[in-house]
2 protein chains.
Amino acid sequence: MMELEHVLPADIEKTSFRIIEKELHEMGREIPEDKKHVILRVIHTTADFEYLDTMAFSEEVLQKASDAIRRGAHIVTDTTMAMSGINKRKLASFGGQVHCYIADPDVAGQAKTAGTTRSAAAVDKAIREAEEAGVPLVFAVGNAPTALIALEEKIHQGYRPELVIAVPVGFVNVVPAKERIMATGVPYICNRGRKGGSNVAAAICNAILYNM
Amino acid sequence: MMELEHVLPADIEKTSFRIIEKELHEMGREIPEDKKHVILRVIHTTADFEYLDTMAFSEEVLQKASDAIRRGAHIVTDTTMAMSGINKRKLASFGGQVHCYIADPDVAGQAKTAGTTRSAAAVDKAIREAEEAGVPLVFAVGNAPTALIALEEKIHQGYRPELVIAVPVGFVNVVPAKERIMATGVPYICNRGRKGGSNVAAAICNAILYNM
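Residues numbered from 1 in each chain as written. Chains lettered and ligands numbered in written order. Predicted model: local features only at pLDDT ≥ 70, side-chain atom pairs only at ≥ 80, totals over all residues. Heavy atoms only, no water.

*Asks:* Go over the environment of B:P161, please, and point to the residues and values.
*Replies:* Residue and element names in this part refer to chain B. Within the secondary structure, P161 sits in the loop between helix 9 (145-156) and strand 5 (163-166). Accessibility expressed as a relative area gives 4% for P161, which makes it buried. In this structure P161 touches L137, F139, I155, V186 and P187, once residues within four positions along its chain are discounted. (Helix = DSSP H or I, 4+ residues; strand = E, 2+ residues; numbered from the N terminus. Buried < 20%, exposed > 50% of the residue type's maximum accessible area, 1.4 Å probe, protein only. Contact = heavy atoms within 4.5 Å.)

See below:
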């Protein structure tokens, strides 16, 4: 029978982070200091060291992300899974909220009419509602490349999100959708390639929140 | 600018599954036919082909899982993320519900008193409530090895879940917790090693539900 390690519940996360850093060090790899809190948490969430090589950050994005949260930015996710993984109490302490419009009946109707996905229609609704309320937005996309593509179109029309967390996972249009968002010039945290997920999107949001 | 493929929204999942099978075939690998719906969906959810090598299934577990759902089994998850990823409408069509007790105030209190994790205390509550209601349970554990360890203890005391989906992710006690659940003799779907996650747990539940 495999033995269990005795680690206090409160120390599990800290111990995990230490193991990840130690193993990376043994591979001759170091995580860039300024991005450590994000990359460590993503590896912790996925047990996948590949993220160290594929995560991409725009210039000064972590500073910009913290500033946006401090100014009361809301976070929009493309799935209820990502929404449920984000620490909403921590975000609320800065005045922010998390929204996910994917299950809204008007979003489903709009997608059907426009022949697009609900994820794309949800991006339209998020931007409309935030502009009416005068709220800055962080997008956290862990599932739907079509959400990123809809967002890219809005950005070309002049819309400016505070940050796009571009980590959808999958095999159809995921790679180009990420590349296209990175080419728009908006602040981004991206994971190049096919990997990502709602869990990764939530982990990145929490890493930002816990580092403030 | 990277070009997008034109795939109808309704066809994205089918196309993804086809790409995964094609690439595995090119690597000289095939997915066992009887487990294909589960393994394909997990690779689709993670974009990680490693799952083909690490997923482990107890004897006839998929038949047993379907039977349990048909008899109205409820699903207990260890995170709200996993809960929100499961198709609750589909489960309800067989009479089942999804529960997650992690955020219950009495669970937090019990964990504190017992010096254990909330995940472990939540397993106790799940079993208590299900026994009172006479409901069979499927456990879907995507995060907390301590939930598996608590479950193992209950199994040694005589408790029999219908199925344990044992896919926590992480670096502390995740590997031994999975091995110990597999050694109990209860029906399991497991992912050996460190990888897994709430997304993986939800994907496995949905694969079972969509295949009925």
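*Asks:* Tell me what's going on with the side chain of A:R180, and back it up with residues and numbers.
*Replies:* Position of A:R180 among the secondary structure elements: in helix 10 (residues 174-182). Of note is the side chain of A:R180, whose polar atom sits 2.8 Å from the backbone oxygen of B:M2. Here A:R180 is in contact with A:E152, B:M1, B:M2, B:E3 and B:L4, once residues within four sequence places are set aside. (Polar contact = N/O pair within 3.5 Å; in protein donor to acceptor, adjacent residues only side chain to side chain.)

*Asks:* Give a description of the packing of aromatic side chains that names residues and reports values.
*Replies:* Residue and element names in this part refer to chain A. For the structure shown, the criterion picks out four aromatic pairs over all chains. Arranged with centres 6.4 Å apart and planes meeting at 90°, the rings of F139 and Y159 form a pair that is edge-to-face. On the criterion of sequence distance, the pair formed by F139 in strand 4 (residues 137-141) and Y159 in the loop between helix 9 (145-156) and strand 5 (163-166) is long-range, its members being 20 residues apart. For F139, a relative accessible area of 2% gives the class buried. Above the ring of F57, the side-chain terminus of K35 is found at 5.6 Å from the ring centroid. (Phe/Tyr/Trp six-rings, centres within 6.5 Å; stacked < 30°, edge-to-face > 60°. Lys NZ or Arg CZ within 6 Å of the ring centre and 35° of its normal.)

*Asks:* Give a description of the pairing of strand 2 (residues 74-77) of chain A that names residues and reports values.
*Replies:* Residue and element names in this part refer to chain A. With burial as the criterion, each face of strand 2 is covered, one bearing H74 and V76 and the other bearing I75 and T77. With four bridges joining them, strand 2 and strand 4 adopt parallel strand pairing. Counted as the bridge partner of T77 is A140 from strand 4. Alignment of strand 2 against strand 3 (residues 98-99), held across two bridges, turns out to be parallel. Residue pairing for strand 3: V76 is matched across the bridge by H99. (Pairing = 2+ DSSP bridges.)

*Asks:* Can you tell me about helix 11 (residues 198-210) of chain A, naming the residues and giving the values?
*Replies:* Residues and elements named next belong to chain A. Between its terminal C-alpha atoms helix 11 stretches 18 Å, which fits the 18 Å expected from 13 residues at 1.5 Å a residue. The element helix 11 is extensively covered by neighbouring structure, given that 12 of its 13 residues are classed as buried. Restricting attention to buried positions, one finds in helix 11 the residues S198, N199, V200, A201, A202, A203, I204, C205, N206, A207, I208 and L209. (Expected span 1.5 Å × (residues − 1).)

*Asks:* Give me the interface of chain B and chain A: which residues, what numbers.
*Replies:* Each partner contributes to the interface: chain B provides 45 residues, whereas chain A provides 45 residues. Ranking the residues of chain B by area buried against chain A places B:M81, B:F171 and B:V172 at the top, with a combined share of 20%. A:R194 is paired through a salt bridge with B:E23; the nearest N and O atoms lie 2.5 Å apart. Our count for the contact surface shared by chain B and chain A stands at 11 residue pairs in polar contact (both at pLDDT 80 or more). At six residues, helix 1 (residues 12-26) of chain B tops the list of elements feeding residues into the side of chain B that touches chain A. (Buried area = accessible area lost by both parts, 1.4 Å probe. Salt bridge = Lys/Arg side-chain N within 4 Å of Asp/Glu carboxyl O.)

*Asks:* An account of the relation of the copies chain B and chain A is needed here, citing residue identities and associated values.
*Replies:* When chain B is fitted to chain A, the residual RMSD is 0.0 Å, and the transformation amounts to a turn of 180° plus an axial shift of 0.0 Å. Taken together, the turn and the small shift mark the pair as related by a two-fold rotation axis. Minimal C-alpha distance to the rotation axis in chain B is attained by B:M81, lying at 2.4 Å. (Least-squares fit on C-alpha atoms with pLDDT ≥ 70 in both.)

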